[in-house]
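If you want the building blocks of each chain, they are given just below.
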Amino acid sequence: MHVAVAPACNIQCHYCNRKYDCANESRPGVVSELLTPDQAVRKVTAVAANIPQMTVLGIAGPGDPLANRERTLSTFRELTEKAPDIKLCVSTNGLTLPDVVDELCEHNIDHVTITVNCVDPEVGAKIYSWIFWKNRRIKGVKGAKILIEQQQKGLEMLVERGVLVKVNSVMIPGVNDEHLKEVSRIVKAKGAFLHNVMPLIAEAEHGTFYGLMGQRGPTHDELRALQGECDARPFHRPAQGGSLLFRRRYLRGCGDGAAEDHPRPGGLRGGALREDWVRALGHAGGCGHCAQWGAPDGTHRGGRGGCLS
Amino acid sequence: MAFKIIEGCVNCWACEPLCPSQAIFESKPHFMIDAKKCTECEGDYLDAQCASICPIEGAVLDGFGVPTNPPGSLTGIPPERLASAMAEIQVR
């Protein structure tokens, strides 16, 4: 399950809208759902007491968990103490990741998910509007360059410390689709155990830059083709051995908790093993840091939310 | 002189921990700035911190009542594009 304890964000992605006016909006992660760390710990321990399958707790938003350093870390700190059997995971845009790695490692962190949409600042400038860095707002290529450097540094630091790193990317046709092959090669070479490519979902109704500017998402075939090229197969799992079955079971542990209602079209059977991994970790196609939690019919997507880890 | 948070604030908490004067506080329907405490970050930072992290255009006013982040400045969405899209959506 996930808990929404992290409302603040330190970057602006073109697929995310921080302001959501829709009166019918009921995404997780909206302000009414925001929990304090104490409330989150109570909720998690209560759920865990009743649902033994609840073994993994994730913090993914609604903003960037590491931009809410104290809220996120105090939730982890308390859970590590009160519920040592629960594994923790966190999703981040990576901007402040290097500063937090050591403290994260003090807790039962199972894996960290970094949303990496590019490794080229020129591409990044088409995806990110600004970042907040060293007490200033930095726009364009300059901001994207810092973000990319921090993400890659954070990835390297986590791998060095033996923490599993999953990378999420949002496929944005004409912006980073070709580029994601390079992203995939690089993050795997550095030791990311899974690279999950998700489709951009952009509608004008979402009020996002991409939605309003008419940026399209990928077709099903385009997405599948790129996912094939980026190959979601885990690369590094040194501490845990590596049978496919094990991986599947392992990955299904995250976010599969009965306390949350992820849409899970399809099911988890048959030969679609790799899809299982992608679904289990990516929750049927999230979009990095904006939500795309999506109801299967496409409603209530594209705002923010927290189901990403 | 003091900055001001107005309607539009989404209560995301981003500004609150950054304020060097602890002038920002949670309130309903949105966060507020204590005008007596706000220093506009003078002497602490080159840029006013609340205005520099706020993701919402128009939500933070400077000491003259001028939006620090005018329409289009943060999202990159041209205001006329936003207006026409919103008009179109409301007709549906």
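Residues numbered from 1 in each chain as written. Chains lettered and ligands numbered in written order. Predicted model: local features only at pLDDT ≥ 70, side-chain atom pairs only at ≥ 80, totals over all residues. Heavy atoms only, no water.

## As for the overall build of chain A
On a plain count of helices and strands, chain A comes out with 10 helices and eight strands. Looking at chain A as a whole, 62% of its 309 residues qualify as buried. Summarising the internal contacts of chain A: among those between residues at least 6 apart in sequence, 75% fall at separations of at least 24. Working note: accessible area of chain A is about 12,000 Å², and carbon and sulfur atoms make up 50% of it. (Helix = DSSP H or I, 4+ residues; strand = E, 2+ residues; numbered from the N terminus. Buried < 20%, exposed > 50% of the residue type's maximum accessible area, 1.4 Å probe, protein only. Contact = heavy atoms within 4.5 Å. Areas by Shrake-Rupley, 256 points an atom, 1.4 Å probe, with all protein chains shown as cover.)

## Re the nonpolar core
Ranked by internal contacts, the top residues of the largest apolar core, which has 45 residues, are Val3(A), Leu57(A) and Leu104(A). Excluding residues within four positions of it along the chain, Leu104(A) makes contact with Leu73(A), Phe76(A), Val90(A), Leu97(A), Ile109(A) and Val112(A). In terms of nonpolar packing, the next biggest core, distinct from the first, is built from 29 residues, Phe132(A), Cys9(B), Ala23(B) and Cys38(B) among them. (Core = buried A, V, L, I, M, F, W, Y, C linked by side-chain atoms within 4.5 Å.)

## Describing the environment of Ala48(A)
Within the element layout of this structure, Ala48(A) appears in helix 1 (residues 37-50). Spatially, the C-alpha atoms of Ala48(A) and Phe193(A) are 27 Å apart, while their sequence positions differ by 145 residues.

## A closer look at the packing of helix 2 (residues 69-82) of chain A against helix 3 (residues 97-104) of chain A
All names here are of chain A. With their axes 12 Å apart at the nearest point, helix 2 and helix 3 run at an angle of 15 degrees to one another. Taken together, the axes of helix 2 and helix 3 are roughly parallel relative to one another. Crossing of helix 2 over helix 3 shows right-handed handedness. Residues Arg69, Leu73, Phe76 and Arg77 of helix 2 pack against Asp99, Val100, Glu103 and Leu104 of helix 3. Of the residues in the contact of helix 2 with helix 3, the class split is four nonpolar, no polar and four charged. (Axes fitted to C-alpha atoms, helices over the stretch in contact; angles between N-to-C directions. Parallel < 35°, antiparallel > 145°, perpendicular 65-115°, else oblique. Left-handed = near helix turned anticlockwise from the far one by under 90°. Nonpolar A, V, L, I, M, F, W, Y, C, P; charged D, E, K, R; others polar.)

## Comments concerning the environment of His179(A)
Residue and element names in this part refer to chain A. Turning to its location among the elements, His179 is positioned in helix 6 (residues 179-189). Exposure remark for His179: the relative accessible area of 11% places this residue in the buried category. When the C-alpha positions of His179 and Val119 are compared, they lie 8.2 Å apart, and in sequence the two are 60 residues distant. Setting aside anything within four residues of it in sequence, one finds His179 in contact with Asn117, Cys118, Val119, Asp120 and Val123.

## Describing the sheet that holds strand 6 (residues 136-139) of chain A
Residue and element names in this part refer to chain A. Sheet architecture is open: three strands sit in the order 1-5-6, paired in antiparallel fashion. Sheet topology places strand 1 (11-13) and strand 6 at the edges, where each strand pairs with a single neighbour. Across the sheet, the mean angle from the axis of one strand to that of its neighbour is 20 degrees, orientation sign disregarded. (Pairing = 2+ DSSP bridges.)

## Quick notes on the pattern of salt bridges
Under the criterion given, the structure shown has 13 salt bridges over all chains. Between Asp47(B) and Arg136(A) there is a salt bridge; the shortest N-O distance is 2.8 Å. With one member in each of two chains, Asp47(B) in the loop between strand 3 (32-33) and helix 1 (49-53) and Arg136(A) in strand 6 form a pair that bridges those chains. The residue Arg216(A) makes a salt bridge to Glu222(A) at a minimum N-O spacing of 2.9 Å. Looking at Arg216(A), the relative accessible area reads 42%, which means it is partly exposed. By sharing partners, the salt bridges in this structure join Arg69(A), Glu70(A), Arg77(A) and Glu103(A) into a single network. (Salt bridge = Lys/Arg side-chain N within 4 Å of Asp/Glu carboxyl O.)

## As for the confidence of the model for chain A
Residues and elements named next belong to chain A. Summing up the model confidence of chain A, the mean pLDDT is 78 and the portion of residues at 70 or higher is 70%. A low-confidence stretch, residues 21-31 stays under pLDDT 50, and its non-local contacts, those more than four residues away or across chains, total 20 contacts. Low pLDDT, under 50, characterises residues 234-309; the stretch is placed with 191 contacts to residues that sit more than four places away or in other chains. (pLDDT = per-residue confidence, 0-100.)

## Some points on the packing of helix 3 of chain A against helix 5 (residues 140-160) of chain A
Residue and element names in this part refer to chain A. Look at helix 3 against helix 5: their axes get within 8 Å of each other, and the N-to-C directions meet at 20 degrees. Judged by the angle between their axes, helix 3 and helix 5 are roughly parallel. Taken as a pair, helix 3 and helix 5 cross one another with a handedness that is right-handed. Between helix 3, through Leu97, Pro98 and Val101, and helix 5, the contact on the second element is made entirely by Gln150, Lys153, Gly154, Leu155, Met157 and Leu158.

## A closer look at a nonpolar patch on the surface
All names here are of chain B. Together, Met1, Phe64 and Val66 make up a nonpolar patch on the protein surface, roughly 380 Å² of accessible area in all. Along the polypeptide, Val66 turns up in the loop between strand 4 (60-61) and helix 2 (79-91). Assessed through its relative accessible area of 43%, Val66 is described here as partly exposed. (Patch = residues over 30% accessible without salt bridge, like charges linked within 9 Å, V, L, I, M, F, W, Y side chains within 5 Å.)

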